[in-house]
Amino acid sequence: MAVVRSSCGSSARLTAPTCVLLLLLFAFVSVASASRDDAPGGNNETGRAPPEDSHHHHQQTNSSTHHKKAFPVLSFNYEHVRQPFEISLWILLALLMKLGFHIIPRVSNVVPESCLLIVVGLLIGGIIKAIGEKAPMLDSKLFFLYLLPPIILDAGYFLPIRPFTENMGTILVFAVVGTLWNTFFVGGMMYAVCQIEGAQLGGVDLLSCLLFGSIISAVDPVAVLAVFEEIHINELLHILVFGESLLNDAVTVVLYHLFEEFSHADTVTVGDALLGVVCFFVVSLGGIMVGAIYGLLGAFTSRFTSHTRVIEPLFVFLYSYMAYLSAEVFHLSGIMSLIACGVMMRPYVEANISHKSYTTVKYFMKMWSSVSETLIFIFLGVSTVAGPHAWNWTFVIFTVILCLVSRVLGVIGLTYVINKFRIVKLTKKDQFIVAYGGLRGAIAFSLGFLLTNSQLKNMFLTAIITVIFFTVFVQGMTIRPLVELLAVKKKKESKRSINEEIHTQFLDHLLTGIEDICGHYGHHHWKDKLNRFNKAYVKRWLIAGERSTEPQLISFYNKMEMKQAMMLVESGSAAKLPAIVSSMQNIQPRGPARPRAIPSISKSREQEIRKILRANLQKTRQRLRSYSRHDLLIDPFEDGLSEVRFRRQRVEMERRMSHYLTVPANRQEIPSVRKVCFEPASTD
């Protein structure tokens, strides 16, 4: 036991799972060494020599052992693989916890995944502390450089562009004005609390309180993603809260560095405040510019990867990560840089890469972000146990209360102003969900970990952890029943169709024309200008082959067909693939297509559009499945009957369409019908 304790308590700083594995390895090595010592023909055989030859054999043995060493059958060198071994153990533990969470449906329906992972981290941290080891901390370098980028890249790459751009004004108001309000309200009120004589907080000045307010006021994207994806909230509320959590990074970074510099300076002038405003625009716009440049480079590189499909996913990940690191070099917003890179890169990269590369990018990005999110919450629990903490009841309680009050007042006040300019107003229920969904997470903890003043740092970290636990556990666990109680609109899992896409484009063109007639250059006008510029110049440089001049309808149909084919292949129903095969193989054209004057597309494209419209727009209305609020199970007989009826209607419609698209036969001559009029008889 003494040997085991010394091995676990050495300077190697092994974790608890590592110590368990080392115990097993130590037992195995002991058995192996004992069996080797008892084996015949070893060193024990020399001890059985006659006494008179003992001196001779002793010299011979010493010389042989000096020149020849026994071959080690089994050796132990943990320090050689310590770091990758412990990293693999942590990732394996995170995956097992995530797997166990989804296996037990009763737990997943009540407790959010983030809460369970934090509890697991608390248990692991308690075990490590009980055996006298030093628990690993969630330091800022590990979080900002390795764990946060995969989550932001996944969110930015698959960001729904249309809802995000349509609600950009509302998101910016919540992200910029709302974060400023929370910072100064919480910081100012906490400074007033620190002036209370019985609070024992007289050493906390105003700039330190404002610095604490800038750390604790920002909504965390990792916590929002972890909770909102489980409750399946509608797309408007999800994009408002999640978009705010993404875009308030620039405000948080600027305020954090601004107040940190001011806290070390003697005086603060008006010029310093103006420089802080300029710094906000530099950090935000500079991060977007860096991400856009790397996104264009990634899209241009993917144009030449048709002969080396294997390395296509690597370009997506490397360019995105380089965009994040390049922004962090100049203290720009790395989160906004990643978002801009993903949004800029995705449409052009997906047009160039193959289906397998697209699948690899999608699933690897989802896997990477899921593992990072799991590790963040586990490390957050472990770091909570590790400490150190400086508990002050007054500071902690007022921090939680003021965070809730500032969030509610900010959302209500800003929504009152926003609704004057919105067509679709935010209701009271929407305001409640937006205010209640302002969760805090590991970003606030990592920023607090960067503080230098040890006394204030420990007290600030204790208050930050308390706010994180309150928002994740209390608000995260109660938001699902509150959404159901208030009957908030849920997200509809529907697939876009050709019909919907055509009508959406028609309405966009119609609204653009109305804006041009009225002389109002609004959202649709600039969107149309951007689409024209993209089609005329950008696509020709970033997309290879004839897909750069592909009509928008064909491009959308290709994406829809690819998703349908992937779903059918994954489900094992490859025989149900549609008969219309699109040009999705990214093959370079053999020769230039002959352009037509009207319309300006080739004959093959015209035939393809005709087939698409005939197959998708001329479908008869299917009978809806019967609905009962007491029984939501699918009736197999009814489902089969609807399928048979739909097939019959489709065959009949194809027969009619083929008749309409062919030259009609000559009509048989029908004898003319003469109208006979009888004059009324005269009464004479």
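Residues numbered from 1 in each chain as written. Predicted model: local features only at pLDDT ≥ 70, side-chain atom pairs only at ≥ 80, totals over all residues. Heavy atoms only, no water.

The subject of this paragraph is the overall build of the chain. Helices and strands together make up the secondary structure of the chain, namely 25 helices and zero strands. Classification of the 684 residues of the chain by burial places 41% in the buried group. For the chain, contacts bridging at least 24 residues in sequence account for 80% of all contacts bridging at least 6. Accessible surface for the chain amounts to roughly 41,200 Å². Of this, 64% is attributable to carbon and sulfur atoms. (Helix = DSSP H or I, 4+ residues; strand = E, 2+ residues; numbered from the N terminus. Buried < 20%, exposed > 50% of the residue type's maximum accessible area, 1.4 Å probe, protein only. Contact = heavy atoms within 4.5 Å. Areas by Shrake-Rupley, 256 points an atom, 1.4 Å probe, with all protein chains shown as cover.)

Attention shifts here to the packing of aromatic side chains. A ring pair, where both rings are aromatic, is described by two values, the distance of the centres and the angle of the planes. Applying the stated rule across the entire model yields 20 aromatic pairs. Look at W391 and W393: their rings are 5.1 Å apart centre to centre, the planes differ by 80°, and that puts the pair in the edge-to-face class. Judged by relative accessible area, W391 falls into the partly exposed class, the value being 45%. Of the residues examined, W393 reaches a relative accessible area of 58% and is grouped as exposed. Seen in terms of ring centroids, F469 and F473 are 5.7 Å apart; in terms of plane orientation they differ by 55°. Their pairing is tilted. (Phe/Tyr/Trp six-rings, centres within 6.5 Å; stacked < 30°, edge-to-face > 60°.)

With 30 residues, helix α12 (residues 235-264) should reach 44 Å at 1.5 Å per residue; the first-to-last C-alpha distance of 44 Å fits that figure. Approximately 35° is the largest bend angle found in α12, and it occurs at N248. Buried residues dominate α12, accounting for 23 of its 30 residues. Measuring from the backbone nitrogen of L236 back to the side-chain oxygen at the start of α12 gives 3.2 Å, which picks out N234 as the cap. (Expected span 1.5 Å × (residues − 1). Bend = angle between axes of the 7 residues up to and from the residue. Polar contact = N/O pair within 3.5 Å; in protein donor to acceptor, adjacent residues only side chain to side chain.)

Turning to the side chain of T384, a few remarks are in order. Positionally, T384 belongs in helix α16 (residues 355-386). A distance of 2.7 Å separates a polar side-chain atom of T384 from the backbone oxygen of L380. The contacts of T384, once residues within four sequence positions are left out, are L122, H389, I465 and F469.

Time to look at the nonpolar core. Formed by 134 residues in total, the largest nonpolar core has its most connected members in L148 and F395. Looking at this core element by element, the count peaks at 16 residues for α12. Both of domain 1 (140-486) and domain 2 (502-547) provide at least three residues apiece to this core. With residues near it in sequence (within four places) discarded, L148 still touches F143, V222, Y324, I335 and I443. (Core = buried A, V, L, I, M, F, W, Y, C linked by side-chain atoms within 4.5 Å. Domains from an automatic or database assignment.)

The subject of this paragraph is the packing of α12 against helix α13 (residues 270-302). Where α12 contacts α13, the two axes come as close as 9 Å, and the packing angle between them is 145°. Considering the relative orientation of α12 and α13, their crossing is right-handed. Residue-level inspection shows A250, V251, V253, V254, L258 and F262 of α12 in contact with α13, the latter providing D272, A273, G276, C279, F280, V283 and S284. Its residues assigned to classes, the contact of α12 with α13 comprises ten nonpolar, two polar and one charged. (Axes fitted to C-alpha atoms, helices over the stretch in contact; angles between N-to-C directions. Left-handed = near helix turned anticlockwise from the far one by under 90°. Nonpolar A, V, L, I, M, F, W, Y, C, P; charged D, E, K, R; others polar.)

Summarising the element assignment, I412 is placed in helix α17 (residues 393-418). In this structure, the C-alpha to C-alpha distance between I412 and F432, residues 20 residues apart in sequence, is 8.7 Å.

Working note: non-glycine residues mostly have negative phi, and peptide bonds are mostly trans. A positive phi angle is found at H331, which is not glycine, with a value near 60°. Inspection of the secondary structure puts H331 in the loop between α14 (312-329) and α15 (334-352).

On the surface, W181, W391, W393, I397, I401, V405 and L409 cluster together into a nonpolar patch covering about 710 Å² of accessible area. Ranked by residues supplied to the nonpolar patch, first place goes to α17 with five residues. Relative to the helices and strands, I401 resides in helix α17. (Patch = residues over 30% accessible without salt bridge, like charges linked within 9 Å, V, L, I, M, F, W, Y side chains within 5 Å. Salt bridge = Lys/Arg side-chain N within 4 Å of Asp/Glu carboxyl O.)

Turning our attention to the side chain of N534. Tracing the chain through its elements places N534 in helix α22 (residues 523-542). Side-chain polar atoms of N534 contact the side chain of Y348, separated by 2.6 Å. In this view, N534 contacts Y348 and K539; residues no more than four positions away in its chain are not counted.

Relative to the helices and strands, M189 is located in helix α9 (residues 168-194). On a C-alpha basis, the gap between M189 and L210 in space is 9.6 Å, while along the polypeptide they are 21 residues apart.

The next thing to look at is the environment of L285. With respect to the helices and strands, L285 occurs in helix α13. Along the backbone, L285 and S337 are 52 residues apart, and their C-alpha atoms lie at a distance of 9.1 Å.

The next subject is the confidence of the model for the chain. This prediction gives the chain a mean pLDDT of 75; 69% of its residues lie at or above 70. Across the chain, element-level confidence peaks in α14 with a mean pLDDT of 93 and bottoms out in helix α1 (residues 2-8) with 37. (pLDDT = per-residue confidence, 0-100.)

If charged atoms from side chains of opposite charge come close, those side chains can pair. Under the definition given, this model contains nine salt bridges. Between R309 and E312 there is a salt bridge, and its shortest N-O distance comes to 2.6 Å. The class for R309 is partly exposed, based on a relative accessible area of 21%. Here E350 ties to R346 by a salt bridge, and the two come within 2.9 Å at their closest N and O atoms. Remark: R346 and E350 occur in helix α15; sequence separation between them is four residues, near one turn of the helix. On the accessibility criterion, R346 (22% relative accessible area) is partly exposed.

With that out of the way, let us pick up α16. Over its 32 residues, α16 runs 46 Å from end to end, which matches the ideal 46 Å to within 8%, given 1.5 Å per residue. Positioned one or two residues after α16, G387 has a phi angle of 70°, which is positive.

With that out of the way, let us pick up the packing of α12 against α15. Each pair of packed helices gets described by two things: the angle between the helix axes and the distance between those axes. Relative orientation of the contacting elements α12 and α15 amounts to 135°, with a least axis distance of 8 Å. Relative to α15, the element α12 is oriented oblique. Of the residues in α15, those touching α12 at L246, L247, D249 and A250 are G334, I335, M336 and I339. Residue composition of the contact of α12 with α15, by class: six nonpolar, one polar and one charged. (Parallel < 35°, antiparallel > 145°, perpendicular 65-115°, else oblique.)

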